[in-house]
Amino acid sequence: MKTAPRIAIVGGGAAGMMCAAKLKELGVPAVLFERNPKFGRKLGITGKGRCNVTNDTDVPGVLANVPGNPRFLYSALNGFSPADTKAFFEKAGVPLKTERGNRVFPISDRAADIVNALRGAMGCETVHERVTGILSEDGKVTGLVTGNGKKYSFDAVIVATGGLSYPTTGSDGDGYRFAEDLGLTVTPRSPSLCPLVAEEGFCADLMGLSLKNVEVRVTDTQKKKDVFSDFGEMMFTHFGLTGPVILSASAHLDKMTPGRYAVHIDLKPALDEKTLDKRILSDFSEEKNRQFRNAFGGLLPAKLIPVFVSLTGIRPDKPVNEVTKAERAAVLRLLKDFPVTVKGFRPIDEAIVTRGGVSVKELNPGTMESKKVAGLYFAGEVVDVDAYTGGFNLQIAFSTAVLAAKSAAEKYGKTVSEEKNMTETTKKTVNIAIDGPSGAGKSFLARSVAKRLHYVYVDTGALYRAIGLYVYRKGIAKDDIPAAIACLPEISLSLEYDGEGTQIVKLNGEDVSGPIRLPEMSMYASAVSAIPEVRAFLLDTQRDMAKKCSVIMDGRDIGTVILPDADVKIFLTASDEVRAQRRCLELKEKGIETTVEEVLADMRIRDENDRSRSVAPLKPADDAILLDNSDIGAEETVEAALRIIEGKVSSQKS
Ligand code: DC
């Protein structure tokens, strides 16, 4: 009886969240598995917490920054380019800015804004369990299994588990294992965008020193050629070098062996040797007897001076007027070419990006689907493509995610409405009615059960609220029954569902899901719900939904009037005080200040209206099961309801 999603996404990082957002846009339900309670943890710390979200360039511009396998990304990038990334985030309410090197950041400089935008655009069920394996049969994905041994069926699984870097954020290479278990080739992983360990011990003395606006050049001493050169910021650490320019440089270092690569730092890139020599001469001439070690205050950061002086080989206490021309040349050389020898990369878990991964030879570049296992897709860093710094790696994650999601949706997905049609033509629908007084927790219960059983949740109170809203907007008094009835021919109501199954109420085509929740709408809804003409007006809308698909519907008259033949009827109740307390808390969470007494008074009036009206008064249907949750929590109530439903529905089948 279920219409379960057919597509799973494994990993709630940049790529996984973007997959979920794309599937939501396509109206295709999916389930996202993320073992961390939070999404996008690594994304939240990238770019020093600022998140360099893309690079403001065109597709060839991105490809030029991908050292290995650029061709593979052609379709993905053309389908979702840096311009699309920018549009996506700006549309999601995150204004962006472009900095040096076309790096794009949120104007707020807060990576959290990027994470939240993605989080907000996702619209699928999420499961916080660790996926331990992907199941397949005859070369086709059949589902996945999680750490606690639970098996889930899926037709397609998109693996977006990230790389090996930053394991504390959740990147630990699970995705590589899934790929290998299913017979795919995974190329060896090595760090890319990684700090560098230096042979020279002086780095430890300079620990914490940050050099801005230096030029860093890296040479391959074996091949005797430069492999990298750029301006920017770098830092000394106890082990060697790090910082943006060093991380960028690291992506260019292949087949690392100790001593193979040499870093040359130009400490004064803006000054040529001649100008610099003049500057030194004038500094020296200021005070002729000054000791050599005290002559660099204007030129170098204090922390660097002792190391610098010792590297020149010139006696620190030598008076500057005794420094020879040859010695000055050595000083000049050191200013323009401060050398550090690379011993190796820092461990892979300190890398920002991992090189290597699922071999692109075995993936279809037009879909991101495995050529060996149907229904198995990969997106993001788990794939063997990596780029230099500058926002390119995130762009690749987004582009491959969108492509994987689109392709999986086309081949394996069904939209919510397609699912509903299928249910209509091939299956008998299951109808569950939940009635009860306000504040008993009906909507939480119904929504949770709907999610668990993959039924559609129909909140009928929202229909009355929408009519209340219309009447209110027309300036009609709450108790003016004839005026409210006269409105009905002007009203057209419809219920729609987004990819996540959230109900959207449309009043004459306008989405009124927000305004109907305003506190003053409760009384208007209560008033119109006592009018028989209004109830008759809404009857078909509710019954049609129940005919079309398996529903769990909550309200006041569902089991008695709307769906007298419902498969399961639950009357959910709780004591007045408990209900008032809960409602009060809910309102407070929404920022609406009120007191339990006020809520209780308001609730009693509404309860009385609901119970005493002549049409469809609130009362349990004869065959309803009473569930009093005064003394149990919300989750326990859901479990109890599921047991009731399971008992009823399976006994009907047999
Ligand atoms: O559940 P709710 O608070 O959103 O409902 C709004 C009003 O509509 C409430 O006063 C009860 C009434 N109602 C009703 O009479 N019959 C229904 N099936 C659902 C709601």
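Scoring rules and cut-offs
Residues numbered from 1 in each chain as written. Predicted model: local features only at pLDDT ≥ 70, side-chain atom pairs only at ≥ 80, totals over all residues. Heavy atoms only, no water. Salt bridge = Lys/Arg side-chain N within 4 Å of Asp/Glu carboxyl O. Helix = DSSP H or I, 4+ residues; strand = E, 2+ residues; numbered from the N terminus. Buried < 20%, exposed > 50% of the residue type's maximum accessible area, 1.4 Å probe, protein only. Pairing = 2+ DSSP bridges. Axes fitted to C-alpha atoms, helices over the stretch in contact; angles between N-to-C directions. Contact = heavy atoms within 4.5 Å. Core = buried A, V, L, I, M, F, W, Y, C linked by side-chain atoms within 4.5 Å. Expected span 1.5 Å × (residues − 1). Bend = angle between axes of the 7 residues up to and from the residue. Near = heavy atom within 4 Å. Polar contact = N/O pair within 3.5 Å; in protein donor to acceptor, adjacent residues only side chain to side chain. Areas by Shrake-Rupley, 256 points an atom, 1.4 Å probe, with all protein chains shown as cover. Nonpolar A, V, L, I, M, F, W, Y, C, P; charged D, E, K, R; others polar. Left-handed = near helix turned anticlockwise from the far one by under 90°. Phe/Tyr/Trp six-rings, centres within 6.5 Å; stacked < 30°, edge-to-face > 60°.

Caption draft 1: How the structure looks around the pattern of salt bridges. Per the counting criterion, the structure on display carries 41 salt bridges. Between aspartate 56 and lysine 86 there is a salt bridge whose closest N-O contact spans 3.2 Å. Of this pair, aspartate 56 sits in the loop between strand E3 (54-55) and helix H2 (59-63) while lysine 86 is found in helix H4 (residues 82-91), placing the two residues 30 residues apart along the sequence. Look at aspartate 56 and you get partly exposed, because its relative accessible area is 32%. Under the relative-accessibility criterion, lysine 86 is labelled partly exposed at 23%. For aspartate 610, the salt bridge identified is with arginine 613, shortest N-O distance 3.5 Å. Accessibility expressed as a relative area gives 5% for aspartate 610, which makes it buried.

Caption draft 2: Structural view of the sheet that holds strand E13 (residues 210-220). With antiparallel pairing, the six strands of this closed barrel are ordered in space as E12-E15-E14-E13-E16-E17. Sheet twist, expressed as the mean angle between neighbouring strand axes with direction ignored, is 45°. Judged from the two bridges that link them, strand E14 (residues 225-236) and strand E15 (residues 240-242) form a sheet pairing that is antiparallel. The partner of phenylalanine 236 across the bridge, within E15, is leucine 241. Strands in contact with helix H11 (residues 325-336) are strand E16 (261-266) and strand E17 (338-345); relative to E16, the strand with the most contacts, it is inclined by about 105°.

Caption draft 3: Molecular detail of the nonpolar core. Counting residues in hydrophobic clusters, the biggest one holds 85 residues, and the most contacted among them are Phe89 and Phe378. Take this core: its biggest share by element is 13 residues, from helix H12 (residues 392-412). Sequence-distant contacts of phenylalanine 378, defined by excluding residues within four places in its chain, comprise Val159, Gly175, Ala179, Leu184, Val358, Leu363, Met368, Val383 and Ala404.

Caption draft 4: Structural view of helix H18 (residues 532-548). The terminal C-alpha atoms of H18, which comprises 17 residues, lie 25 Å apart, in line with the 24 Å expected from a rise of 1.5 Å per residue. The axis of H18 is deflected most strongly, by about 30°, at leucine 538. For H18, the set of buried residues is Val534, Arg535, Leu538, Gln542, Met545 and Ala546.

Caption draft 5: Main features of the site of the ligand. Close to the ligand lie 16 residues; Thr460, Arg465, Arg535, Asp557 and Arg613 are nearest. Measuring from an oxygen atom of the ligand, one finds a side-chain N or O atom of arginine 613 at 2.8 Å. Considered on its own, the ligand offers 450 Å² of accessible surface; in the complex 95% of this is hidden by protein. Counting only elements with at least two residues in the shell around the ligand, the list comes to helix H15 (461-473), helix H17 (520-529) and helix H21 (596-612). Across the shell around the ligand, the residue classes tally to three nonpolar, five polar and eight charged.

Caption draft 6: Inspection of unusual backbone geometry at higher detail. Unlike most non-glycine residues, aspartate 109 shows phi in positive territory, near 60°. Within the secondary structure, aspartate 109 sits in the loop between strand E5 (103-106) and helix H5 (111-121). The residue lysine 255 is not glycine, and still its phi comes out positive at about 35°. By the element assignment, lysine 255 lies in the loop between helix H8 (244-250) and E16.

Caption draft 7: Region of the structure containing the packing of helix H20 (residues 576-589) against H21. Look at H20 against H21: their axes get within 9 Å of each other, and the N-to-C directions meet at 115°. When you trace H20 past H21, the crossing you get is right-handed. Taken together, the residues of H21 that come into contact with H20 (itself represented by Asp576, Glu577, Arg579, Ala580, Gln581, Arg583, Cys584 and Leu587) are Val596, Val599, Leu600, Met603, Arg604, Arg606 and Asp607. Residue composition of the contact of H20 with H21, by class: seven nonpolar, one polar and seven charged.

Caption draft 8: Structural view of the packing of aromatic side chains. Enumeration according to the criterion identifies 12 aromatic pairs in this entry. For the pair phenylalanine 202 and phenylalanine 338, a centre-to-centre distance of 5.6 Å together with 75° between the ring planes defines the contact as edge-to-face. One end of the pair, phenylalanine 202, is in helix H7 (residues 202-205); the other, phenylalanine 338, is in strand E17, and 136 residues separate them in sequence. The exposure class assigned to phenylalanine 202 is buried, which follows from its relative accessible area of 12%.

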